[in-house]
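# Geometric and topological summary
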Amino acid sequence: MTSTVETTSIRTEGPQGLLGRVAGSPLLRLVVRRVLIAIPLLLAVSILTFALMAVMPGDPARNMAGMNASEEQVEAVRHQLGLDRPPVERYLTWLGGFVTGNLGKSSVSGQPVAQLLAERMPVTVELVLLAFAVSLLVSLPVALIAARRPGGIFDRVVMVISMTLLAVPNYVMALLLVLVFAVSLRALPAIGYVPVTTDVVANLRSVTLPVLALGLPIACFYARFLRGDLVEQMNSAEYIETARAKGVGPWKVLLVHAFRNSSFGLLTLVGLNVGGLVGGTVIIEQIFSMPGLGVMMLQGVGSQDTAVVQACVFIFAAVAIFANLFVDVMYAVLDPRIRYGSR
């Protein structure tokens, strides 16, 4: 009955009334506001990236022309790349090209940067998404079980293991995983990447160790944070005492009442971790010889391939900015006080 009434109301008010109602939505206004804030941030990142590449030592034109090239040949390459133009003009040209999808050409391979990104991006995206999935699948049940009986055996074991793994840097974790699973057990490949379109099983085997190296430290971080927040909520929050007084079971109090409030803090951590996780792929891809954006950027820095490095850095920064934008929107979706309070 309710659905029929709503449908009839929408048909009666027409497209303008519907658009007006959507435009008046507090959530939509919040999303628009956050997007408008993200735009100058992206511009600032693009200016900083361009400035850093401009002051980098070395001469991309000389590298592209070759060490034995004459000065005339180097100047010809510099003119071809646009390096003889003023910095502001070069930046505006680069920005205009970026907006329209023309990211220039690699000064090393001569291939369009957009094509190189399209080839490498699936590898990095797969690593990041799987690492996030592993971190959440491991941390959520571990934190909930540990918070159910704080100070118990499981809680103590989890705290010790998580503290130990948190103290291990990503690259050391990667080398330990290779030593155990690739060298000693010979269960998984140590290096290389198989596209999922070629062989799904081989793809999962090739990404397992890099994903664990990226995801396990984050899982420990999430588990410790969530466990601590849950224990605090269970011990001091008045609404928890009210739920218990009403006869709500301990697991339902933990999962339905305490976890809902603790999820806001976890959501903040997820947003903040995106930048670190994407940055971590630079090292992990290098260790496991994965052909992703991280390796591409490192190779670009080594060969002073300006167009490639600019594009990679800008994409990494944009991912971090939009991840935080997504977290802000999710806050408003989960808690109506935020979207109404942001008017």
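Residues numbered from 1 in each chain as written. Predicted model: local features only at pLDDT ≥ 70, side-chain atom pairs only at ≥ 80, totals over all residues. Heavy atoms only, no water.

This next bit is on the overall build of the protein. On a plain count of helices and strands, the protein comes out with 14 helices and zero strands. Counting helices and strands in the order they occur from the N terminus, the protein gives α-α-α-α-α-α-α-α-α-α-α-α-α-α. Relative to a compact globule of 343 residues, whose C-alpha radius of gyration would be 20 Å, the protein shows 25 Å and is clearly more extended. With the C-alpha coordinates of the protein rotated into their principal frame, the extents come out at 85 × 65 × 35 Å. Among the 343 residues that make up the protein, the fraction classed as buried is 38%. Restricting to contacts in the protein with at least 6 residues of sequence separation, those with at least 24 account for 69%. Surface summary for the protein: the accessible area is close to 18,700 Å², and the carbon and sulfur share equals 68%. Between the averaged position of the 25 positive side-chain charges in the protein and that of its 20 negative side-chain charges there is a distance of 12 Å. (Helix = DSSP H or I, 4+ residues; strand = E, 2+ residues; numbered from the N terminus. Rg over C-alpha atoms; globule rule 2.2 N^0.38 Å. Buried < 20%, exposed > 50% of the residue type's maximum accessible area, 1.4 Å probe, protein only. Contact = heavy atoms within 4.5 Å. Areas by Shrake-Rupley, 256 points an atom, 1.4 Å probe, with all protein chains shown as cover. Lys, Arg positive; Asp, Glu negative; His and termini not counted. Charge placed at Lys NZ, Arg CZ, Asp CG, Glu CD.)

Attention shifts here to the environment of G300. Looking at the secondary structure, you find G300 in helix α12 (residues 293-302). On the basis of relative accessibility, which here comes to 2%, the residue G300 falls in the buried class. Along the sequence, G300 and A143 sit 157 residues apart, while their C-alpha atoms lie 41 Å from each other. Beyond its immediate stretch of four places on either side in the chain, G300 contacts D305, V308 and V309.

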